[in-house]
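Topology and contacts: notes
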Amino acid sequence: MHCPLGDNVGVNDNLLDGLPVDFKVLDDIALGDKEFVAEILEDYRDSIRRSVDSLRGMQAASADELASAHGNIVRWSHDIKGSSASLGAVHVSRIGCLMEQNARRSNFSGVFCHLAEVELAVQRALEELKGHHGL
């Protein structure tokens, strides 16, 4: 499914090419502490789940409800982008960036169409990060 950003930027465009995870980011935070990594990744998974669930809850909303929730939709998308970037989940962060930009433009369908993809990308990033850290 093509999700517009502005005119023609979609998730399959070059913006999302590259490594799905930058291991160095979390390595620099964790300093080899597996227990700390496990806790961080659990918190990240829960945070993403809350944002995605909140966005899913808005999919059936009316235009007026979406307009009223505009700030929250931007924030939930921003949370996906930022929390992912802070752990090196590069691909997830880029999807979150697309979602946030669409939300800021009130292009809510351009936010919602990325939900399934962001969930899969989070799952993949978590698997890679856990594997890298021996969890």
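These numbers come from a predicted model, not from an experiment.

**Some details on the confidence of the model for the chain**
- Per-chain confidence: the chain averages 88 in pLDDT, with 86% of residues scoring 70 or above.
- Taken as a whole, residues 1–16 scores under 50 in pLDDT and shows 31 contacts with residues more than four places along the chain or in a different chain.

**Here we look at the nonpolar core**
- Membership of the largest hydrophobic core comes to 34 residues, with the highest contact counts inside it found for Leu 55, Ile 73 and Val 92.
- Among the elements that line this core, the one with the most residues is helix H2 (residues 34–58), at 8 residues.
- Discounting chain neighbours no more than four positions away, the residues touching Ile 73 are Leu 55, Met 58, Leu 66, Ala 103, Phe 108 and Val 111.

**Brief notes about the packing of helix H1 (residues 23–30) against H2**
- Packing of H1 against H2 brings their axes to within 9 Å, and their N-to-C directions diverge by 120 degrees. Relative to H2, the element H1 lies oblique. H1 and H2 meet at a crossing whose hand is right-handed. From H1, Leu 26, Ile 29 and Ala 30 reach across to H2, where they touch Phe 36, Val 37, Ile 40 and Leu 41.
- Here the contact of H1 with H2 is built from residues that sort into 7 nonpolar, no polar and no charged.

Thresholds, definitions, all that
Residues numbered from 1 in each chain as written. Predicted model: local features only at pLDDT ≥ 70, side-chain atom pairs only at ≥ 80, totals over all residues. Heavy atoms only, no water. pLDDT = per-residue confidence, 0-100. Contact = heavy atoms within 4.5 Å. Core = buried A, V, L, I, M, F, W, Y, C linked by side-chain atoms within 4.5 Å. Buried < 20%, exposed > 50% of the residue type's maximum accessible area, 1.4 Å probe, protein only. Helix = DSSP H or I, 4+ residues; strand = E, 2+ residues; numbered from the N terminus. Axes fitted to C-alpha atoms, helices over the stretch in contact; angles between N-to-C directions. Parallel < 35°, antiparallel > 145°, perpendicular 65-115°, else oblique. Left-handed = near helix turned anticlockwise from the far one by under 90°. Nonpolar A, V, L, I, M, F, W, Y, C, P; charged D, E, K, R; others polar.

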